[in-house]
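Here's the letter readout for the chains.
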Amino acid sequence: RAVNPMLVLKLLSEESMYVYQMIQELKKRGHSDYTSSFLYPVLYRLQKQGYVSEGEKIISEDNRVRSYYKITDGGLNHLNQLISEYKEMLNSVDLILNYNKEDK
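Thresholds, definitions, all that
Residues numbered from 1 in each chain as written. Predicted model: local features only at pLDDT ≥ 70, side-chain atom pairs only at ≥ 80, totals over all residues. Heavy atoms only, no water. Pairing = 2+ DSSP bridges. Helix = DSSP H or I, 4+ residues; strand = E, 2+ residues; numbered from the N terminus. Buried < 20%, exposed > 50% of the residue type's maximum accessible area, 1.4 Å probe, protein only. Arc of directions from axis to C-beta. Contact = heavy atoms within 4.5 Å. Salt bridge = Lys/Arg side-chain N within 4 Å of Asp/Glu carboxyl O.

S.K.: Kindly report on the pairing of strand β2 (residues 65–71), identifying the contributing residues and their values.
M.R.: Where strand β1 (residues 52–59) meets β2, six bridges bridge the pair, whose relative direction is antiparallel. Residue lysine 57 lies in a different strand from β2, and its bridge partner there is serine 67. Connecting β1 to the next strand, β2, in antiparallel fashion are five residues, including asparagine 63 with a positive phi near 65°.

Spelled out as structure tokens, the structure:
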């Protein structure tokens with residue numbers, strides 16, 4: 001599975017954010033190694049699934065409308081499930097990469 005929905009839900013579990021803010025936060029946390037310019041489709045999908053809702057809209061000082069998104073209770077549950085599945089997958093990949101036939 002793609003990790004973008006999990007990362008978006010993780011950010012929104014901490015605070016409501018607008019899209020550009022999420023992009024900047026992903027860059028910062030990923031030391032610029034992780035970027036995603038496809039957050040709108042991810043957000044719309046998460047919103048359609050009921051995991052994210054659109055919150056308040058604020059007009060910035062430069063007259064841009066910023067739509068803030070927030071995670072729902074269902075989104076928090078889904079995030080926990082995604083994290084659990086992701087950790088299981090990482091563990092399996094680690095076992096495969098470190099497999100030694102002589103250790104049988």
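S.K.: Summarise helix α3 (residues 39–48); cite the residues concerned and give the values.
M.R.: Among the residues of α3, those classed as buried are Leu39, Val42, Leu43 and Leu46. What you see down the axis of α3 is that its buried residues fit within an arc of 100°, all on one side. Those residues of α3 that are buried are in contact with α1 (4–14), α2 (19–29), β1 and β2. Of the residues flanking the end of α3, it is glycine 50, one or two places downstream, whose phi is positive at about 85°.

S.K.: Could you give an account of the environment of valine 3, naming the residues involved and the relevant values?
M.R.: Topologically, valine 3 is positioned in the segment before α1. Taking the C-alpha atoms as reference points, valine 3 and leucine 82, separated by 79 residues in sequence, lie 8.7 Å from one another.

S.K.: Which residues make up the pattern of salt bridges, and what are the values?
M.R.: One pass over the structure, following the stated rule, counts six salt bridges. Among the ionic pairs, glutamate 14 bridges to arginine 29, the shortest N-O distance being 2.4 Å. Of this pair, glutamate 14 sits in helix α1 while arginine 29 sits in helix α2; the two residues are 15 residues apart in sequence, bridging distant segments of the chain. Take glutamate 14: its relative accessible area is 40%, and that puts it in the partly exposed class. Lysine 57 is the salt-bridge partner of glutamate 54, the closest N and O atoms lying 3.5 Å from each other. Residue glutamate 54 is classed as partly exposed on the basis of its relative accessible area of 33%. What makes lysine 57 exposed here is its relative accessible area of 56%. Overlapping salt bridges bring together Lys10, Glu14, Glu25, Lys28 and Arg29 as one network.

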